[in-house]
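The residues making up each chain are set out below.
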Amino acid sequence: MEESNNQQSEFPLLSFSAISSSSSPSSSSPVARFGSGELRFEGAEDGDEFVGIDIRTANVFVMSPVQAVCIAEGVEWGDEDSFSKGVLIQFRKEEESRAFRAAFALWKKEAISQGVQLANGSLSPVPKCKFDDKIEASSAKMYFHYYGQLLHQQNMLQDYVRTGTYYAALMENRVDFFDRVVVDVGAGSGILSFFAAQAGAKHVYAVEASEMAEYARVLVEGNPFFRERITVIKGKVEEVELPEKADILISEPMGTLLVNERMLESYVIARDRFLVSNGKMFPGVGRIHVAPFSDEYLYVELANKALFWQQQNYFGVDLTPLHGSAFQGYFSQPVVDAFDPRLLVAPAVCHVIDFNTVKEEQLYDINIPLRFTSSVGTRIHGVACWFDVLFNGSSVQRWLTTAPGAPTTHWYQLRCVLPQPIYVMSGQEITGNLHMVAHNAQSYTVYLTLSAKMWGPGAEQGGILQTSSGKLELKEPYYRMSQPQAQAYAVAQEQQPHQLVQPQDIQIQSPDIDSSELLQQQLENACSQLP
């Protein structure tokens, strides 16, 4: 903010001193100066004596007509560390005290609206943490506790498909990282920060809100070669401040079905706050793939779980009134497992999310229209979902995929099972909708509808023949990790009148792309499948 705004920027003081500080009251005609988002108290004749305060986090309280206290979240006292959070201000006259308070209100309002100017850009202001506004406190507490434990970080680090793909994507694109400033969003153990430093980054800011930040600092200190190039910052990306803008953002923001845990929104907020114009994001594109499947074995497994509630004499109690609710409850859980891709009965459609351009609010409500043509006559039990993300480097474009049939990751795949299957013939069209609505428990409610259109003579004048729908909670999945053997699937499908679609018929993209032109063509082809 400039003084041309006709706001007074300097006020003479009688004295100032930091509360709870051993420092004596200032002398030498002290003054209070406003400028560039900061309120600075200093001696007019001795520049070494000063207190600097971030005006956006400060408040002024009147103690007397000529005395006030300025309280702030962070205070800098000269060259010394200070734990003081306040400054006691003594004015010469009551009129100067009133003028100072009026100017303080104007400068604070302006600083919040404009953000903080850095050497190479400005940080977008966040006067109140958006994360805290949209996420309930209990969910956030459990979330950060979970990711603050080393055993869960180990689970992710030992996903060598995930970790190895990130390493390859960064190392193969050193030209993007050399001598660049990088921000690692949700850094966890800091492994991606180390990768960026190995790729030649000038400096990496590893932002992590959980207690894992302390472990990340230990790792950095234990690797002296990177100590000067990696800075761990504990806090949420929605509220931390950085000393400079980033040329590249790196992150692993993907949850189950790509969007679970809602960290993609934090990734987008970090983009808006920290990334320079035309900066890169690793990853930069995500795709959600959806395909219908037939799995009699899985359907019977879920339905049988509710048989407990069909007991009419459970220690003298009739449980049957709750059977319907229990049945719906089991089908409200998305199934997370690794399944045989031969269970898919049509090529997948996909929904593309460009992390470089998507708005945060667009991730609150995601709607994916569905249209398939069944390759076999069978019972459709629901839809299978997986995702992939693109590292669109200048040298190499690399995909990380969680597709069925690809090397398994800790995300596995996800299946939404309908409580009522629908019957289709080979060549019959299936339409529907997958609608995901975000909620404050850091996840989504999923609404799935599938319909089969009429088949045979007169179908062109006909409408919907069958419809089935379900409501599922993405936060409450059924982790089905112990898989039946392939033979079990074959036995379960013996009653099918036609052979299921073969793996070569399923459109799963290769994880390696050799050219940007091919990449663009693939994205366009994927989107063209949507109606």
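Residues numbered from 1 in each chain as written. Predicted model: local features only at pLDDT ≥ 70, side-chain atom pairs only at ≥ 80, totals over all residues. Heavy atoms only, no water.

Visitor: Looking at this structure, I do not really get the side chain of arginine 162. What am I missing?
Guide: As for its placement among the helices and strands, arginine 162 is situated in helix 5 (residues 160-171). When its relative accessible area of 6% is taken as the criterion, arginine 162 is described as buried. Reaching out from arginine 162, the side chain makes a polar contact with the backbone oxygen of methionine 156 at a distance of 3.1 Å. Separated by 2.7 Å, the side chains of arginine 162 and glutamate 252 make a polar contact. Setting aside anything within four residues of it in sequence, one finds arginine 162 in contact with Met156, Leu157, Glu252, Leu400, His410 and Trp411. (Helix = DSSP H or I, 4+ residues; strand = E, 2+ residues; numbered from the N terminus. Buried < 20%, exposed > 50% of the residue type's maximum accessible area, 1.4 Å probe, protein only. Polar contact = N/O pair within 3.5 Å; in protein donor to acceptor, adjacent residues only side chain to side chain. Contact = heavy atoms within 4.5 Å.)

Visitor: Explain the sheet that holds strand 20 (residues 365-373) here, please?
Guide: Two strands in a sheet stick together by hydrogen bonds in their backbones, pointing the same way (parallel) or opposite ways (antiparallel). Strand order in the open sheet made by the four strands is 20-24-25-26, with antiparallel pairing throughout. The open sheet terminates on both sides in strands that have one partner only, identified here as strand 20 and strand 26 (464-473). On average, each strand axis in the sheet is inclined to that of its neighbour by 15 degrees, with strand direction left out of account. Where strand 25 (residues 443-453) meets strand 26, nine bridges bridge the pair, whose relative direction is antiparallel. Note that in strand 26 the partner of threonine 449 across the bridge is serine 469. (Pairing = 2+ DSSP bridges. Axes fitted to C-alpha atoms, helices over the stretch in contact; angles between N-to-C directions.)

Visitor: For this particular structure, what's the right way to read unusual backbone geometry?
Guide: Among all residues except glycine, the phi angle is most often negative; among peptide bonds, the trans geometry is most common. Cis geometry marks the peptide bond from phenylalanine 282 to proline 283, where omega comes out at 0 degrees. Structurally, proline 283 is set in the loop between strand 16 (275-282) and strand 17 (285-293). The backbone of glutamate 261 sits at a positive phi, close to 80 degrees, despite the residue not being glycine. Residue class for glutamate 261 comes out partly exposed when judged on its relative accessible area of 22%. For tyrosine 412, which is not a glycine, the phi torsion comes out positive at approximately 55 degrees. Within the fold, tyrosine 412 resides in the loop between strand 22 (397-401) and strand 23 (413-424). Assessed through its relative accessible area of 26%, tyrosine 412 is described here as partly exposed.

Visitor: How should I be thinking about helix 3 (residues 137-147) in this particular structure?
Guide: Since one α-helical turn is 3.6 residues long, residues separated by three or four positions face the same way. Listing the buried residues of helix 3 in full gives Ser139, Ala140, Tyr143, Phe144 and Tyr147. Looking straight down helix 3, one finds that the buried residues subtend no more than 120 degrees of arc, so they occupy a single side. Summarising the geometry of helix 3, the exposed residues directed more than 90 degrees from the buried face are Ala137, Lys141, Met142 and His145. Contacts from the buried residues of helix 3 go to helix 2 (130-134), helix 4 (150-157), helix 8 (212-221) and helix 9 (263-274). (Arc of directions from axis to C-beta.)

Visitor: Sorry if this is basic, but what is going on with a nonpolar patch on the surface here?
Guide: On the surface, Phe308, Tyr314, Phe315 and Val317 cluster together into a nonpolar patch covering about 430 Å² of accessible area. With respect to the helices, strands and loops of the structure, valine 317 is situated in the loop between helix 10 (296-305) and helix 11 (323-330). (Patch = residues over 30% accessible without salt bridge, like charges linked within 9 Å, V, L, I, M, F, W, Y side chains within 5 Å. Areas by Shrake-Rupley, 256 points an atom, 1.4 Å probe, with all protein chains shown as cover. Salt bridge = Lys/Arg side-chain N within 4 Å of Asp/Glu carboxyl O.)

Visitor: How should helix 9 be read in this particular structure?
Guide: Over its 12 residues, helix 9 runs 16 Å from end to end, which matches the ideal 16 Å to within 8%, given 1.5 Å per residue. For helix 9, the tally of buried residues reaches 11 of 12 residues, placing the bulk of the element in the interior. When helix 9 is considered as a whole, its buried residues turn out to be Met263, Leu264, Glu265, Ser266, Tyr267, Val268, Ile269, Ala270, Arg271, Arg273 and Phe274. (Expected span 1.5 Å × (residues − 1).)

Visitor: Is there a simple way to explain empty space enclosed by the protein in this structure?
Guide: Gaps left between atoms are located by rolling a probe of water-molecule size over the structure's atoms. Counted by the stated rule, this structure contains one cavity of 30 Å³ or more. Reported here for the largest cavity is a volume of approximately 40 Å³. If you go around the largest cavity, the residues you meet are Thr256, Leu257, Cys385, Trp386, Phe387, Thr402, Trp411, Tyr412, Gln413 and Leu414. Every element with two or more residues in the lining of the largest cavity is listed here: strand 21 (378-392) and strand 23. In terms of residues, the lining of the largest cavity owes the most to one element, strand 21, which gives three residues. Tallied by class, the residues present in the lining of the largest cavity amount to seven nonpolar, three polar and no charged. (1 Å grid on protein atoms, 1.4 Å probe; cavity = no way out; pocket = protein on both sides within 12 Å on 5 of 7 lines; lining within 4 Å. Points joined across faces, edges and corners; volume = space filled by probe spheres on them. Nonpolar A, V, L, I, M, F, W, Y, C, P; charged D, E, K, R; others polar.)

Visitor: Quick question: what am I supposed to make of the packing of helix 5 against helix 7 (residues 191-198) here?
Guide: Two packed helices can be described by the angle between their axes and the distance between those axes. Close contact between helix 5 and helix 7 brings their axes to 9 Å; oriented N to C, the two are set at 25 degrees. The angle between the axes of helix 5 and helix 7 places the two elements in the roughly parallel class. Seen from above, helix 5 lies across helix 7 with right-handed handedness. Contacts between helix 5 and helix 7 involve Thr163, Tyr166, Tyr167, Leu170 and Met171 from the first element and Leu192, Phe195, Ala196 and Gln198 from the second. When grouped by side-chain class, the residues that make up the contact of helix 5 with helix 7 number seven nonpolar, two polar and no charged. (Parallel < 35°, antiparallel > 145°, perpendicular 65-115°, else oblique. Left-handed = near helix turned anticlockwise from the far one by under 90°.)

Visitor: Help me understand the nonpolar core, please; the structure alone is not making it clear to me.
Guide: If you look at the biggest cluster of nonpolar residues, it comprises 94 residues, and the most contacted ones within it are Leu258, Val259, Val290, Leu370 and Leu450. Setting aside anything within four residues of it in sequence, one finds valine 259 in contact with Leu264, Ile288, Ile353, Ile366, Met436, Tyr444 and Leu474. Ranked by size, the runner-up nonpolar core spans 23 residues in total, among them Phe41, Val87, Phe91 and Ala103. (Core = buried A, V, L, I, M, F, W, Y, C linked by side-chain atoms within 4.5 Å.)

Visitor: Where do I start with the side chain of asparagine 173 in this structure?
Guide: Turning to its location among the elements, asparagine 173 is positioned in the loop between helix 5 and helix 6 (174-177). Asparagine 173 gets classed as buried once you look at its relative accessible area, which sits at 1%. A polar atom in the side chain of asparagine 173 sits 2.7 Å from the backbone oxygen of alanine 169. What asparagine 173 contacts, discounting residues up to four positions off in sequence, is Phe282, Gly393, Ser394, Ser395 and Val396.

Visitor: Teacher, can you tell me more about the confidence of the model for the chain here?
Guide: When pLDDT is low, close inspection of the predicted coordinates is not appropriate. With 78% of its residues at a pLDDT of 70 or more, the chain shows a mean pLDDT of 83. The model gives residues 74-84 a pLDDT under 50, and that stretch makes 25 contacts with residues more than four places away or in other chains. In this model, residues 483-519 is a region of pLDDT below 50 whose contacts with residues beyond four sequence positions or in other chains number 67 contacts. (pLDDT = per-residue confidence, 0-100.)

Visitor: Just to check I follow, could you spell out the pattern of salt bridges for this structure?
Guide: When the charged atoms of two side chains lie near each other, side chains of opposite charge can form a pair. As enumerated under the stated definition, the model contains 25 salt bridges in all. Among the ionic pairs, arginine 40 bridges to glutamate 38, the shortest N-O distance being 4.0 Å. We classify arginine 40 as partly exposed; its relative accessible area is 25%. Classification of glutamate 38 by relative accessible area gives partly exposed; the value is 27%. Connected through salt bridges with shared partners, the residues Asp295, Glu301, Asp337, Arg415 and Arg480 form a single ionic network.

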